[in-house]
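# Notes for the structure review
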Amino acid sequence: LRLLRFIVGRKVRGESPEAYLVRCHNRQDHLNEYGATSTALSILSGVQDEALYTEALELALILIMDNKTARDNLMRTYFANPDESLWYDLRSLIQKGMATLKADKNVNRAQQGRQYEQPHYPGVTEQTRSFRGMKSGVSMGMSGMGMAFRPDEEMRKDEHVYVGPQPPYMLLVFKFLQQLCVDHDIVVQRYLSEQYDNFRKVDIVRECVHYLKALDNAVCSNTAEILLQLIICMQDMAVGCVENQLAMVSHGVCDSLNVLLYDNVLPEDLPKQLEIQVKVTELLLTLLEGNIDTFVALKMIKALDFPLLLLHSQYLQPDYRMQAEEGIIEGMGEYIHLRRLDIARNTFRLMKMLGETDPSRIPEKQKEEFDEVLSKVNMYSRVSMGRIEIIAANRAIERMYFPIPQECRPSKIDTVMLQDDLEAKFIYQKVNWKSATKKIEEFCRWCEDW
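Residues numbered from 1 in each chain as written. Predicted model: local features only at pLDDT ≥ 70, side-chain atom pairs only at ≥ 80, totals over all residues. Heavy atoms only, no water.

### Regarding the packing of aromatic side chains
Tallied over the full model, the rule gives five aromatic pairs. Ring centres of tyrosine 53 and tyrosine 169 lie 5.6 Å apart, and the angle between their planes is 80 degrees; on these two criteria the pair is classed as edge-to-face. You can see tyrosine 53 sitting in helix α4 (residues 50-64) and its partner tyrosine 169 sitting in helix α8 (residues 169-181), a full 116 residues away along the chain. Take tyrosine 53 and tyrosine 169: they sit in the same class, and that class is buried. Here tyrosine 78 and tryptophan 87 contribute two aromatic rings whose centre-to-centre distance is 6.0 Å and whose plane-to-plane angle is 65 degrees, an arrangement assigned as edge-to-face. Aromatic rings pair up to connect Tyr78, Trp87 and Tyr191 into one cluster. One Lys or Arg, arginine 339, reaches over the ring of tyrosine 335 and ends 4.9 Å from the middle of that ring. (Phe/Tyr/Trp six-rings, centres within 6.5 Å; stacked < 30°, edge-to-face > 60°. Helix = DSSP H or I, 4+ residues; strand = E, 2+ residues; numbered from the N terminus. Buried < 20%, exposed > 50% of the residue type's maximum accessible area, 1.4 Å probe, protein only. Lys NZ or Arg CZ within 6 Å of the ring centre and 35° of its normal.)

### Notes on the nonpolar core
Formed by 98 residues in total, the largest nonpolar core has its most connected members in Phe174, Leu177 and Met300. Once residues lying within four places of it in the same chain are set aside, the contact partners of leucine 177 are Leu90, Ile94, Leu192, Ile204, Cys208, Cys233 and Met237. The next biggest cluster of nonpolar side chains, apart from the first, holds seven residues, and it includes Val8, Leu31, Ala36 and Leu63. (Core = buried A, V, L, I, M, F, W, Y, C linked by side-chain atoms within 4.5 Å. Contact = heavy atoms within 4.5 Å.)

### With respect to unusual backbone geometry
Positioned with a positive phi, aspartate 66 is a non-glycine residue whose angle comes to about 55 degrees. With respect to the helices, strands and loops of the structure, aspartate 66 is situated in the loop between α4 and α5 (68-79).

### Some thoughts on helix α13 (residues 253-260)
Along α13, seven of the eight residues are buried, which leaves the element largely enclosed by surrounding structure. When α13 is considered as a whole, its buried residues turn out to be Val253, Cys254, Ser256, Leu257, Asn258, Val259 and Leu260. Buried residues belonging to α13 abut α10 (204-215), α11 (224-238), α12 (242-250), α14 (270-288), α15 (294-303) and α16 (306-313).

### Let's talk about the side chain of threonine 281
Structurally, the position occupied by threonine 281 is in helix α14. Since its relative accessible area comes to 3%, threonine 281 is described here as buried. A polar contact is formed between the side chain of threonine 281 and the side chain of asparagine 346, at a distance of 3.0 Å. Non-local contacts of threonine 281, meaning those with residues more than four positions away in its chain, are made with Leu261, Ile343, Asn346 and Thr347. (Polar contact = N/O pair within 3.5 Å; in protein donor to acceptor, adjacent residues only side chain to side chain.)

### Comments concerning the side chain of glutamine 179
With respect to the helices and strands, glutamine 179 occurs in helix α8. The class for glutamine 179 is buried, based on a relative accessible area of 7%. When neighbours within four sequence positions are excluded, glutamine 179 is seen to be in contact with Leu61, Ile64, Met65, Asp66 and Arg71.

### Describing the pattern of salt bridges
Throughout the structure, instances matching the rule amount to 15 salt bridges. Among the salt bridges present, the one from arginine 5 reaches glutamate 55, with a minimum N-O distance of 2.9 Å. You can see arginine 5 sitting in helix α1 (residues 2-9) and its partner glutamate 55 sitting in helix α4, a full 50 residues away along the chain. With relative accessibility at 12%, the residue glutamate 55 sits in the buried group. Between glutamate 225 and lysine 272 there is a salt bridge; the shortest N-O distance is 2.6 Å. Within this pair, whereas glutamate 225 is found in helix α11, its partner lysine 272 is found in helix α14, the two being separated by 47 residues in sequence. Classification of glutamate 225 by relative accessible area gives partly exposed; the value is 42%. Members of the salt-bridge network, linked through shared partners, are Arg2, Arg5, Glu55 and Glu58. (Salt bridge = Lys/Arg side-chain N within 4 Å of Asp/Glu carboxyl O.)

### Points about the packing of helix α2 (residues 17-33) against α4
In contact at an axis separation of 8 Å, α2 and α4 are set at 120 degrees when each is read in the N-to-C sense. Accordingly, the angle class assigned to the pair α2 and α4 is oblique. Across from Gln28, Leu31 and Asn32 in α2, the residues of α4 making contact are Ile62, Leu63 and Ile64. Across the contact of α2 with α4, the residue classes break down as four nonpolar, two polar and no charged. (Axes fitted to C-alpha atoms, helices over the stretch in contact; angles between N-to-C directions. Parallel < 35°, antiparallel > 145°, perpendicular 65-115°, else oblique. Nonpolar A, V, L, I, M, F, W, Y, C, P; charged D, E, K, R; others polar.)

### Looking at a nonpolar patch on the surface
A cluster of nonpolar residues, Ile388, Ile390, Met400 and Phe402, forms a patch on the protein surface that exposes about 330 Å² of accessible area. Elements with a contribution of two residues or more to the nonpolar patch: β3 (385-391) and β4 (397-403). For isoleucine 388, the location among the structural elements is in strand β3. On the accessibility criterion, isoleucine 388 (43% relative accessible area) is partly exposed. (Patch = residues over 30% accessible without salt bridge, like charges linked within 9 Å, V, L, I, M, F, W, Y side chains within 5 Å. Areas by Shrake-Rupley, 256 points an atom, 1.4 Å probe, with all protein chains shown as cover.)

### Observations regarding the packing of α16 against helix α19 (residues 364-380)
One way to put it is that α16 packs onto α19 with a least axis distance of 10 Å and a crossing angle of 5 degrees. By the criterion of interaxial angle, the relationship of α16 to α19 is roughly parallel. The residues of α19 that touch α16, namely those facing Phe306, Pro307, Leu310 and Ser313, are Glu369, Phe370, Val373, Lys376, Val377 and Tyr380.

### Focus: the environment of leucine 354
The residue leucine 354 is located in helix α18 (residues 333-354) in this model. When neighbours within four sequence positions are excluded, leucine 354 is seen to be in contact with Leu288, Ala297, Met300, Ile301, Leu304, Phe306 and Phe370.

Note that all results are geometric; they support no functional claim without further evidence.
See below:
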């Protein structure tokens, strides 16, 4: 396995990137003619060794990386074999990784349990009682030791659990799944949730959501890369695929994404935390884009934490910065601010897209909270975000939002005067309306004169 991986990935000294890519594709195609990728993946069901899992996945990944032909040929192979066990094996690996993660969390919880004193009510802690949305305040108590242990589903959303290094094959599993979906082929994306021609149907999309739920409150240096790759993988699974969007929202992905948007997700590495949160907001946008079914929007309105989204959107205000965090990492203040802006802009787009939902279908209580947050987001973005409307070929109006550069933003004093002056000059300007070309010429001349 290592020898084949070396053959495909070996670089020649002085070789240009273009020449390397061509040569790499030739080697991939040559090895795939002999079924190297499918043979490597078949090892997953034939052994019970983590080292072999890792080597087999690394080889399979490098054989399809940046090669659409190789990916298409691989999927055709699996489409032609309805009893193929690849999806069952991938699900087994995800579940093994989930079991390892939960075991580490339980060990960590047991070690931290000695710090919690037994409250007045046996088996109940202040932490479990204050947990938002928990079904029961009863935790698993240890009699006679003055300690209380909380089950995984009752942990606070703001509680941070440190876990050890995770199996190396977990990162490769999500990289491999992402490579299968990177071309955004609807047939392949749907196949991950239901193998309609397979004797054993496996829902890989659901397993990814469940792994995310197990990981959301255990983000640390040992799991950050896996989490980031998982979110990117889920985004590619959902792009343009309504079935996968519905599946993710139905399985409760928004609950985990809420947790990941809190500021204490990865306190020891703020740049990595912001990178993860940018991808979280991009995934939320992907769940809505291209989806005409209001079910997704309604489920998201019910599940999302809007006060938290409002907190992120404050960066849309001119010159808004959190002064306290700029000095956390020397030389990283501007990077942190730009990532915060990315999150704020994605949050703005998300709120605008959710705002197009039919208000009569939103429950009254949630509608009040949503409308209040949306109005504040609009207030924050009044100067920093712009909008244009385009009439598409099907006569539908598409709204396009864009950031306004700092040098193009008017001052607060001149905003009203400038807008009135522009409108007056434009309305009373004599324009030749005979053709589109003439209108554009007149508009350009008017802009130059003004």
